[in-house]
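If you want the building blocks of each chain, they are given just below.
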Amino acid sequence: MATTDTRTMPMAKALNTSLRHAMEADPKVLIMGEDVGKLGGVFRITDGLQKDFGEERVIDTPLAESGIIGTAIGLALRGYRPVCEIQFDGFVFPAYDQIVTQLAKMHARALGTVKLPVVIRIPYAGGIGAVEHHSESPEALFAHVAGLKIVTPSTPDDAYRMLRQSIDCDDPVIFFEPKSRYWDKGEVTTEGVDGEGIDAEPLHRARVLREGTDLTLAAYGPTVRTALRAAEAMAEEDRSVEVVDLRSISPMDFDTLQASVERTGRLVVVHEAPVFFGAGAEIAARITERCFYHLEAPVLRVGGFHAPYPPARLEEEYLPGLDRVLDGIDRVLAF
Amino acid sequence: MTVESTAARSRPRDGGGGTDGSTEQTAERKDTGPTRRNTGRKATASGAGTRKGAAKKAASGRGGAPKASTSGKAGNPGTPEHRDEFGGPDMVQLLTPEGERVEHPDYTIDLDADELRGLYRDMVLTRRFDAEATSLQRQGELGLWPSLLGQEAAQIGSARALRDDDYVFPTYREHGVAWCRGVDPAQLLGMFRGVNNGGWDPNGNNFHLYTIVIGSQTLHATGYAMGVAKDGAESAVVAYFGDGASSQGDVAEAFTYSAVYNAPVVFFCQNNQWAISEPTEKQTRVPLYRRAAGYGFPGVRVDGNDVLAVLAVTRAAVERARTGGGPMLIEAFTYRMGAHTTSDDPTRYRSDEERRAWESRDPLLRLRTHLEREGLMDADALAAVEEESDALGRRVREAIRTMPDPDTMAIFENVYADGHALVDEERAQFAAYLASFEDTHGEGN
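Scoring rules and cut-offs
Residues numbered from 1 in each chain as written. Chains lettered and ligands numbered in written order. Predicted model: local features only at pLDDT ≥ 70, side-chain atom pairs only at ≥ 80, totals over all residues. UniProt positions renumbered as here; feature names shortened; annotations may be inferred. Pairing = 2+ DSSP bridges. Helix = DSSP H or I, 4+ residues; strand = E, 2+ residues; numbered from the N terminus. Axes fitted to C-alpha atoms, helices over the stretch in contact; angles between N-to-C directions. Buried ≥ 20, exposed ≤ 12 C-beta atoms within 10 Å, placed from the backbone. Right-handed = clockwise from strand over helix to strand, strands pointing away. Contact = placed C-beta atoms within 7 Å. Nonpolar A, V, L, I, M, F, W, Y, C, P; charged D, E, K, R; others polar. Expected span 1.5 Å × (residues − 1). Arc of directions from axis to C-beta. Parallel < 35°, antiparallel > 145°, perpendicular 65-115°, else oblique. Left-handed = near helix turned anticlockwise from the far one by under 90°.

The name recorded for chain A in an unreviewed UniProt entry is 3-methyl-2-oxobutanoate dehydrogenase (2-methylpropanoyl-transferring), from Streptomyces calidiresistens. As recorded by UniProt, the Cofactor (unreviewed entry) comment attached to chain A reads in full: "thiamine diphosphate".

**Quick word on the sheet that holds strand β12 (residues 248-250) of chain A**
Residues and elements named next belong to chain A. Strand order in this open sheet of 7 strands is β3-β2-β4-β5-β7-β6-β12, and the pairing throughout is mixed. Of all strands in the sheet, those with a lone pairing partner are β3 (58-60) and β12, marking the two edges. Across the sheet, the mean angle from the axis of one strand to that of its neighbour is 20°, orientation sign disregarded. Pairing of strand β2 (residues 29-33) with strand β4 (residues 81-85) involves 5 bridges; the strand directions are parallel. Its bridge partner lying in β4, M32 is registered against C84.

**Focus: the pairing of strand β10 (residues 215-219) of chain A**
Residues and elements named next belong to chain A. Most of β10 sits inside the fold, with 5 of its 5 residues counted as buried. Here β10 shows a buried face lined by L215, L217 and A219 and a second buried face lined by T216 and A218. Where β10 and strand β11 (residues 241-245) come together, 5 bridges link them in parallel fashion. Looking at the pairing, A219 lines up with D245 of β11. In this region the chain leaves β10, passes through helix α8 (residues 223-236) and returns to the parallel neighbour β11; the handedness of that crossover is right-handed. Sheet analysis places β10 next to strand β13 (residues 267-274), joined by 4 bridges and oriented parallel. In the sheet register, T216 faces β13, and the bridge partner there is L267.

**Observations regarding the interface of chain A and chain B**
Across the contact, 35 residues belong to chain A and 35 residues belong to chain B. Looking at the side of chain A that touches chain B, the elements that each hand over two or more residues are α3 (65-77), α4 (96-103) and α5 (106-109) of chain A. Looking at the side of chain A that touches chain B, the element that brings in the most residues is α3 of chain A, giving 9 residues. For the side of chain A that touches chain B, the residue count by class is 14 nonpolar, 14 polar and 7 charged.

**Remarks on helix α12 (residues 322-334) of chain A**
All names here are of chain A. Its 13 residues give α12 an end-to-end C-alpha distance of 18 Å, which sits within 8% of 18 Å, the value for a rise of 1.5 Å per residue. Along α12, the residues that are buried comprise V325, G328, I329 and V332. Burial along α12 is one-sided: seen end-on, the buried residues are contained in an arc of 100°. Residues of α12 that are exposed and point over 90 degrees away from its buried face: D323 and A334. Residues of α12 that are buried in the fold lie against β10, α8, β11, β13 and β14 (300-304).

**A word on the UniProt feature "domain: Transketolase-like pyrimidine-binding" (unreviewed entry) in chain A**
The UniProt record annotates "domain: Transketolase-like pyrimidine-binding" (unreviewed entry) at residues 9-184 of chain A. A helix fraction of 36% and a strand fraction of 17% characterise residues 9-184 of chain A, whose end C-alpha atoms lie 8 Å from each other.

**Focus: helix α4 (residues 152-159) of chain B**
Within α4 of chain B, 8 of the 8 residues are buried, which leaves the element mostly enclosed by the surrounding structure. Among all positions of α4 of chain B, only E152, A153, A154, Q155, I156, G157, S158 and A159 of chain B are buried.

**Description of unusual backbone geometry**
Omega for the peptide link from S250 of chain A to P251 of chain A comes to -5°, which places this bond in the cis form. When you line up the elements, P251 of chain A lands in the loop between β12 and α9 (254-264). Despite not being glycine, A125 of chain A shows a phi value in the positive range, around 75°. As for its placement among the helices and strands, A125 of chain A is situated in the loop between β5 (119-124) and α6 (139-143). Its identity is not glycine, yet N206 of chain B carries a phi of approximately 50°, on the positive side. Looking at where N206 of chain B falls in the secondary structure, it is placed in the loop between α7 (202-205) and α8 (216-231).

**Some remarks on the packing of helix α6 (residues 185-193) of chain B against helix α14 (residues 379-401) of chain B**
The axes of two packed helices give the description: the angle between them and the distance between them. Residue and element names in this part refer to chain B. One way to put it is that α6 packs onto α14 with a least axis distance of 10 Å and a crossing angle of 45°. When the interaxial angle is binned, α6 and α14 end up oblique. Taken as a pair, α6 and α14 cross one another with a handedness that is right-handed. Along its contact with α6, which presents P185, A186, L189 and R193, the element α14 presents V396, A399 and I400. Among the residues making up the contact of α6 with α14, the classes are represented as 6 nonpolar, no polar and 1 charged.

Set out below in structure tokens:
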């Protein structure tokens, strides 16, 4: 059945289409979360799904996040593939215990006899002028936990593909959706119900989005667009910046990153999360180990501060925007 | 294996126990919530759960005016109303501490001699296994052991109400339930010896892994039960937990979810009076079984040291769940006769007097008294069970002493189902590190 189709759509629609195709492909796929039914989710990612798949498969849950994940674990043990929506990044913490002590470890505790194919979708990161707890980037708090996989798309096409791959995965996957990019449009090639070709690119592989020779700029999720703009700006100054979209945080594709740094000799990592103990810290350590003799400058991180996510009027200053990224690049190039 | 679990589990049990009075007892919540697809399922009961207690007390005719009222003692913080030493007049009992059979208006049970002897055997063997494990900890063979001493009737009675297709989510103390589910007792010791963190296939006996984080499993049970309902299957799920866990948010959320989705789950709370050093007063101001009313499903307190009452009540609850009646809470009122675990010292926080008072309510003793009095078990039969328990003890000792340590590289096994690059990398690095010692050894000598 040739069902491949290419259309332009926003990331929100790509995610919605991905969920729809996954549900059509496998009757065991369920959607659970707060307001995911008639409302279609506060970001409308599940729009229309309850109408078409019914209340048994698109489940409006009580407002209790630990309950969402805890019951999803039970459903997974029964053979279902729950896709849970946590309404906002800052609301995941009531479920943190279930995710860390139960979901992440159960496969190992059972000596591999049970699988936990649970996807946890979390709209994350800032830039939308929201109140507190609606703009955070908690990915590092999950990356530290063995048993979880963590991915984050930056484009509508990746959003479609990576979500289907995550639903197909037999491990728990935390799927961080950059909410500030939900309405960015892009070309999406959908694979239809059969999903043939969905794995053309592995879920956990980083991608070089733009080749360059002077410096590698690594980003993921919401900062990828910023990174591309920074590379564009540097090109006007005749500096060649390579942009790597990491896509997967756990596992992380250090091979692709290493190959890039070996070509450029310099690395700047950009993420919205606080840099202290963040993904950039791990990247800096590993790239230093792998590329010590190739590095012309220390790895530099541009990201959030060790302070609570600020009120919306300050987030433009707080977030690693174009100017702060360019400043980081300048400093590394000048080293 | 020289000792096998009593009663072939392949034999589905009559959930109703013949004439149990579940219709009135397991008064169903008002039909306001569930709009689930299979509304065709017949509810087994009628009436409002909140009226159950009063109706039962009136019907029971025992104990005169109920001591526990919703208002009577509420003003006195020194005597929480649930703190009735042995369970109070609301408690379902079919076998007195003196071994006398009594009737209850809502729950009845009619077991033949073999079944009664089987329950006794289960309890003796479970107690023996537990004592053996405690000894093995003292001998250094186990790092820790949480004894179930005193809770044999609550566990055997509830677990013998289940069918093969039912599913159990235990805490870490459900050794008697595991026994009834057919889990090899030696397998329970693995995590306490430190050779694994779980160690069995939950689907092998529909008995999930022991769960150490308090209350987490009640949500797993609820989710599993939601799946059972979606499948249109007629199985029940039982979530075991304790009085301490009743304070956990996860348990509250499990109650909410199960009620909202009418999930076929039975919450089986063993109130053993102590959460390590904290008495039940530190967890609740109302009897635990009454919490159910606030969620819209029935709750009942049963004498947790009365294996017959536990069996009767659990049969009614699981049958109700299997037939679409939704969740139910059972509070088995019992007592933790031993320490919380082998690392605990109960002399620091509770009196000998209290323990002695509970000794007279021993679950094994009362069934044994009943069996002897009724002429259902003579000295030879009792001796045969003792002999069998000796054999079990020997087998457990042998099993623990021959239990192999895990391979070092097991650290990296089953971290992920679909693999993970970092685990692969670290596994290879660690293997190379270990191999470097072998090289040194070879060269140096």
